[in-house]
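# Structural overview for review
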Amino acid sequence: MSRERATALLVDFDGVLRRWDPAVAAGVEQRYGLAGGVLLEIAMQWGRLQPVLTGQVSHADWMTSVADALTEPAGGAERARAAVEEWQSYRGEVDSDLLDFVRDARAGGIRVGLATNATDRLEEDLAALDLAGEFDAVVSSYRLGVNKPAKEYFQAACQAVATPPDRVLFIDDEDWSVRGARAAGLSAHRWTGPGDLRYLRAALAY
């Protein structure tokens, strides 16, 4: 028995709607004499990352912990703080093709939610990237206190777009998140780039 067509869409933020130019972090690391990839390596350590994604600490506290870990390799606390501040001043870029898809879907009657593991800086970033008002709902792990791929996260996300899970299509670039969504009863697609849009438009048929 085939599924009914989705009437709501949940879209991940980082790696899907927002892209990061790796050259920015690489440039900061080079200028401060840091090993390539160390900024993300430290920031994404789960014991450091999970608390900020679930509202236990602030984005600022998270970055302070990254700077603390970089004190020795950066040549001192002041240089470490400067490196992290310079890195964090870049807030990414919007994938215009996917944004057009979101706008078209909403215009066609599809409810669209942004579903992201985020920090308390999310709202500021959405405003800075001119994305405020582009969604019917914004579902942030920081505000929920639970992160993807937990079933509870996806239940809350479906409630936010007022749609049962079996009528929701979720888009994410991470396999573990896609698998979590499917386990929660949603349709899910792993995003690989704008080449996916033809399939996604057909899947929604708005």
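As a starting point, this report considers the structure included with it. (Residues numbered from 1 in each chain as written. Predicted model: local features only at pLDDT ≥ 70, side-chain atom pairs only at ≥ 80, totals over all residues. Heavy atoms only, no water.)

### Things to note about the overall build of the protein
Summing up its helical and strand segments, the protein has twelve helices and seven strands in all. Since a compact globule built from 206 residues should have a radius of gyration of about 17 Å, the 18 Å found for the protein is in line with a globular shape. If one aligns the C-alpha atoms of the protein with their principal axes, the spans along those axes are about 60 × 30 × 30 Å. Among the 206 residues that make up the protein, the fraction classed as buried is 48%. Counting only contacts in the protein whose residues sit at least 6 apart along the sequence, the fraction spanning at least 24 positions is 68%. With an accessible surface of roughly 10,000 Å², the protein has 49% of that area assigned to carbon and sulfur atoms. Positive and negative side-chain charges in the protein, numbering 22 and 31 respectively, have mean positions lying 6 Å apart. (Helix = DSSP H or I, 4+ residues; strand = E, 2+ residues; numbered from the N terminus. Rg over C-alpha atoms; globule rule 2.2 N^0.38 Å. Buried < 20%, exposed > 50% of the residue type's maximum accessible area, 1.4 Å probe, protein only. Contact = heavy atoms within 4.5 Å. Areas by Shrake-Rupley, 256 points an atom, 1.4 Å probe, with all protein chains shown as cover. Lys, Arg positive; Asp, Glu negative; His and termini not counted. Charge placed at Lys NZ, Arg CZ, Asp CG, Glu CD.)

### Focus: the pattern of salt bridges
Oppositely charged side chains can form a pair if their charged atoms are brought close together. This structure, assessed with the given rule, holds 13 salt bridges. With a closest N to O distance of 2.6 Å, R103 and E134 form a salt bridge. Separated by 31 residues along the polypeptide, R103 in helix α7 (residues 96-107) and E134 in the loop between α8 (122-128) and β5 (137-140) bring together distant segments of the chain. E123 serves as the salt-bridge partner of R143, at 3.1 Å between the closest nitrogen and oxygen. (Salt bridge = Lys/Arg side-chain N within 4 Å of Asp/Glu carboxyl O.)

### What to know about the packing of aromatic side chains
Both the distance between ring centres and the angle between the ring planes are used here to describe each pair of aromatic rings. The full count for this structure, using the stated rule, is three aromatic pairs. Between W20 and Y90, the ring centres sit 5.7 Å apart and the planes meet at 75°, which makes this aromatic pair edge-to-face. Here W20 is found in the loop between β2 (18-19) and α1 (22-31), whereas its partner Y90 is found in the loop between α6 (77-88) and β3 (93-94), with 70 residues between them in sequence. In this structure Y90 comes out as buried when scored by relative accessible area, which is 17%. A centroid spacing of 5.6 Å and a plane angle of 85° characterise the contact between Y153 and F154, whose relative ring orientation is edge-to-face. You'll find Y153 and F154 in the same group, each marked buried. (Phe/Tyr/Trp six-rings, centres within 6.5 Å; stacked < 30°, edge-to-face > 60°.)

### Details of α7
The end-to-end C-alpha distance of α7, which contains twelve residues, comes to 16 Å, matching closely the 16 Å that a straight helix rising 1.5 Å per residue would cover. Every buried residue belonging to α7 is among L98, L99, F101, V102 and A105, and all of these are buried. For α7, the arc enclosing every buried residue in end-on projection is 155°, short of the 170-degree limit, so these residues lie on one face. Against the buried residues of α7 lie β1 (8-11), β3, β4 (111-116), β6 (168-172) and α12 (197-204). Of the residues one or two after α7, G109 is the one with positive phi, at around 95°. (Expected span 1.5 Å × (residues − 1). Arc of directions from axis to C-beta.)

### What to know about unusual backbone geometry
The amide bond that connects K148 to the next residue, P149, takes the cis arrangement and shows omega of 10°. Positionally, P149 belongs in the loop between α9 (141-144) and α10 (151-160). Positive phi, normally seen in glycine, also occurs at D130, with a value near 60°. Note on D130: relative accessible area 63%, which makes it exposed. Positive phi values are uncommon outside glycine, yet A162 reaches one of about 50°. By the secondary structure assignment, A162 is in the loop between α10 and β6.

### Remarks on the packing of α1 against α6
Between α1 and α6, the least distance of the axes is 9 Å, while the angle of their chain directions is 160°. The angle between the axes of α1 and α6 places the two elements in the roughly antiparallel class. For the pair α1 and α6, the crossing hand works out as right-handed. Seen from α1, the contacting residues are A25, V28 and R31; seen from α6, they are R79, A83, E86 and W87. Residue composition of the contact of α1 with α6, grouped by class: four nonpolar, no polar and three charged. (Axes fitted to C-alpha atoms, helices over the stretch in contact; angles between N-to-C directions. Parallel < 35°, antiparallel > 145°, perpendicular 65-115°, else oblique. Left-handed = near helix turned anticlockwise from the far one by under 90°. Nonpolar A, V, L, I, M, F, W, Y, C, P; charged D, E, K, R; others polar.)

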